[in-house]
Amino acid sequence: MKFNTKTIHAGQMPDKATGAVVIPIYQTSTYKMDEINVHKGYDYSRSGNPTRNSLEECLASLENGRFALAFSSGLAAEHAVLSTLKPGDHIIAAEDMYGGTYRLFEEVFKPYGIQFSYVGGNTIDFEKAIKQATKIFWIESPTNPLLRIIDIAKVSAIAHKNNIKVVVDNTFASPYFQQPLLLGADLVIHSTTKYIGGHSDLIGGALIVNDEEWYTRLKFLQNAIGAVPGAFDCWLTLRGIKTLSVRMKKHEENALQIAYFLESHPKINKVYYPGLPSDPFHNLAKQQMTGFSGMISFKLDKGDQKAANSFFKKLKIISLAESLGGVESLICYPSAMTHASIPEAQRNAIGVTKDLIRLSVGIEDAEDLIEDLSNAINY
Ligand code: P1T
């Protein structure tokens, strides 16, 4: 099956019991056994649920992976990956990343003895930071919030030479624009809260992996830790997935128009969008992605929270809110919102400064979004 067909049909064959064309919401915590431990494949919904299984099968298929596991949030999915490590193990992460991931590393797993190094996104940065104990390279591409692109194939080649696994958070691209496993990555993470769900109405996460041993351990942890999504959230996620390709095309089309508008605006100092030919990551993005997705960051010429607030207050269509990837456009102020958990000096060193604004471009009409931004920029 090709991608669009998979979004509608992978893991979503008509229900065997009733013929229902849409996967039912199996809203049950438990399942009747015929005798002790003899059942129809399900014994308790933390361990397995048919609606969740449909979602997992579909996600594996979309990422061209063998196995997928669904979680109650993106961070819960990350927690499971980190729980496969032992004290003393070392992770090298690209420094530009979601603030909540940084917080999970530093404030939850570091106290348990996992070591973390943060590097720039170049292959050489990863290579230089390798230690005997390095087990994982952890990257986002495009990164949150600076939309940097990391060369997944090159980084994976270095990793594999050194017996290290590569984890790629593919949330910003979605499987529609990028499939990291095909580029050499070992595991893909999604916050399905974002483009995959696509409607800002659920919190969810997922892992997609090819290695059976790693999958078996992660599946054990999914059940043993227990951060599983409910059946209704799995169903909503599947409903979102059905329109993934049409939404992603429109997100990208709108984002490109808005990026050009911002780039030419005298009050905007800088625009970060890999779809712009002037962007330093444009060629790499073209090489490893089939499109540039719908996230843009930019810098206002007046760079403080007060100026940003005046700008946000003037917006009529675009909402100031955490999150991204929904049909509605959302704007955010990373230094005090999504990336507030990263210490200020480190944020500044990475480039997540007080003049930075992040825009998740929705699928409204681009003309309306541009008018909204244009009115607000004259704060
Ligand atoms: O929010 P949750 O579903 O737990 O996903 C965490 C997460 C993981 N990875 C990336 C790249 C993310 O952007 C996120 C969540 N990000 C936001 C809420 C945000 O506004 O950036």
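## Describing the overall build of the protein
No. 1: Across its full length, the protein carries 15 helices and 12 strands.
No. 2: For 379 residues, the compact-globule estimate of 2.2 N^0.38 gives 21 Å, and the C-alpha radius of gyration of the protein, at 21 Å, lies within 12% of that figure.
No. 3: C-alpha atoms of the protein, sized along the principal axes, occupy 70 × 50 × 35 Å.
No. 4: The proportion of buried residues among the 379 residues of the protein is 56%.
No. 5: Counting only contacts in the protein whose residues sit at least 6 apart along the sequence, the fraction spanning at least 24 positions is 71%.
No. 6: Of the accessible surface of the protein, which amounts to about 15,900 Å², a share of 52% is contributed by carbon and sulfur atoms.
No. 7: If the 38 positive side-chain charges of the protein are averaged to one point and the 40 negative ones to another, these points end up 2 Å apart.

## Some remarks on a negative patch on the surface
No. 1: A surface patch of negative charge is lined by Asp365, Glu367, Asp368 and Glu371.
No. 2: You can call Glu367 exposed: its relative accessible area is 54%.

## Focus on the environment of Arg103
No. 1: With respect to the secondary-structure elements, Arg103 resides in helix α4 (residues 99–109).
No. 2: Its relative accessible area of 37% is what places Arg103 among the partly exposed residues.

## Overview of the site of the ligand
No. 1: Near the ligand lie 19 residues; those nearest to it are Asp169, Thr193, Lys194, Ser323 and Arg358.
No. 2: One nitrogen or oxygen atom from the side chain of Asp169 is found 2.6 Å from a nitrogen atom belonging to the ligand.
No. 3: Note that a nitrogen atom of the ligand is positioned 3.2 Å from one of the side-chain N or O atoms of Lys194.
No. 4: Coverage of the ligand by the protein chains reaches 94% of its 470 Å² of free accessible surface.
No. 5: For the shell around the ligand, the element with the most residues is helix α3 (residues 74–82), which contributes 3 residues.
No. 6: Here the residues of the shell around the ligand sort into 4 nonpolar, 9 polar and 6 charged.

## Notes on helix α10 (residues 231–241)
No. 1: With 8 of 11 residues buried, α10 is to be regarded as a mostly interior element.
No. 2: Regarding α10, the residues found buried are Ala231, Cys234, Trp235, Leu236, Thr237, Leu238, Gly240 and Ile241.

## Examining the pairing of strand β9 (residues 295–300)
No. 1: With 6 of 6 residues buried, β9 is to be regarded as a mostly interior element.
No. 2: The alternating pattern of β9 places Met295, Ser297 and Lys299 and Ile296, Phe298 and Leu300 on opposite faces, both of which are buried.
No. 3: The sheet contact formed by strand β8 (residues 268–272) and β9 spans 4 bridges and is antiparallel. In the strand pairing of β9, Ile268 is matched with Leu300.
No. 4: Bridge count for β9 against strand β12 (residues 356–360) is 5 bridges, and the pairing is antiparallel. Note on β12: the bridge partner recorded for Ile296 is Leu359.

## Points about the domain arrangement of the protein
No. 1: Each assigned domain of the protein is listed with its residue range as follows: domain 1 (3–241) and domain 2 (244–377).
No. 2: The C-alpha-based centres of domain 1 and domain 2 are spaced at 25 Å.
No. 3: If you look at the interface, domain 1 gives 43 residues, while domain 2 gives 42 residues.
No. 4: For domain 1, the biggest contributors to the area lost against domain 2 are Ile149, Phe177 and Tyr195; these three give 24% of the whole.
No. 5: One can count 0 salt bridges joining domain 1 with domain 2.
No. 6: Counting across the interface, domain 1 meets domain 2 through 21 residue pairs in polar contact (both at pLDDT 80 or more).
No. 7: Only α1 (3–9), α4, α6 (152–161), α7 (174–177) and α10 provide two or more residues apiece to the side of domain 1 that touches domain 2.

## Digging into the side chain of Thr101
No. 1: With respect to the helices and strands, the residue Thr101 is situated in helix α4.
No. 2: On the basis of relative accessible area, Thr101 is assigned to the buried category, the value being 0%.
No. 3: A polar atom in the side chain of Thr101 sits 3.0 Å from the side chain of Glu78.
No. 4: If near-sequence neighbours (up to four positions away) are discounted, Thr101 is found in contact with Leu75, Glu78 and Trp138.

## Notes on the sheet that holds strand β10 (residues 319–320)
No. 1: Strand order across the open sheet formed by 5 strands is β8-β9-β12-β11-β10, with mixed pairing between neighbours. In the strand order of this sheet, the two ends are held by β8 and β10, each with one partner.
No. 2: Packed on one face of the sheet, helix α11 (residues 244–263) meets β8, β9 and β12 and runs near 15° to β9.
No. 3: Taken strand by strand, helix α13 (residues 305–314) contacts β9, β10, β11 (330–332) and β12, and its axis lies near 125° from that of β9.

So, how was this worked out
Numbers given for residues are sequential positions, taken from 1 along each chain in its written order. The model is predicted, so local features are restricted to residues of pLDDT at least 70 and side-chain atom pairs to those at 80 or more, both for listing and for counting; the totals for chains, interfaces and linings are taken over all residues. Side-chain descriptors were evaluated using all non-hydrogen atoms of the structure, hydrogens and water having been removed beforehand. Helix and strand definitions here come from DSSP, where helices need a minimum of 4 consecutive H or I residues and strands a minimum of 2 consecutive E residues; each element is numbered from the N-terminal end. Our radius of gyration is a C-alpha quantity, and the globule rule it is checked against amounts to 2.2 Å times the number of residues to the power 0.38. Type-normalised accessible area, obtained with a 1.4 Å probe on protein chains alone, sets the label of each residue: buried when under 20%, exposed when over 50%, and partly exposed for intermediate values. Residue contacts are defined here by distance: any two heavy atoms, one from each residue, within 4.5 Å place the two residues in contact. For the accessible areas, the method is Shrake-Rupley and the probe is 1.4 Å, while residue cover comes only from the protein chains on display. Working convention for charge: Lys and Arg count positive, Asp and Glu count negative, and His plus the chain ends are omitted. Lys charges are placed at NZ, Arg charges at CZ, Asp charges at CG and Glu charges at CD. The patches described consist of residues with a relative accessible area above 30% and no salt bridge, like charges being joined within 9 Å and nonpolar side chains (Val, Leu, Ile, Met, Phe, Trp, Tyr) within 5 Å. Definition used for salt bridges: Asp or Glu carboxyl oxygen within 4 Å of a side-chain nitrogen of Lys or Arg. We call a residue near a molecule or strand as soon as one heavy atom of that residue lies within 4 Å of the molecule or strand. Counting of polar contacts relies on pairs of N or O atoms within 3.5 Å, with two restrictions inside protein: one atom must be capable of donating a hydrogen and the other of accepting it, and residues adjacent in sequence are counted only when both atoms are side-chain atoms. For this classification, Asp, Glu, Lys and Arg are treated as charged, while Ala, Val, Leu, Ile, Met, Phe, Trp, Tyr, Cys and Pro are nonpolar and the rest, including Gly, are polar. By this definition, two strands are paired if DSSP reports at least two bridges between them. Domain start and stop positions are those given by an automatic or database domain assignment. In this description, buried area is defined as the sum, over both parts, of the accessible area (probe of 1.4 Å) that is lost when the two are combined. Lines fitted to C-alpha atoms define the axes here, with helix axes fitted over just the stretch in contact, and angles between the N-to-C directions of these axes take values from 0 to 180 degrees.

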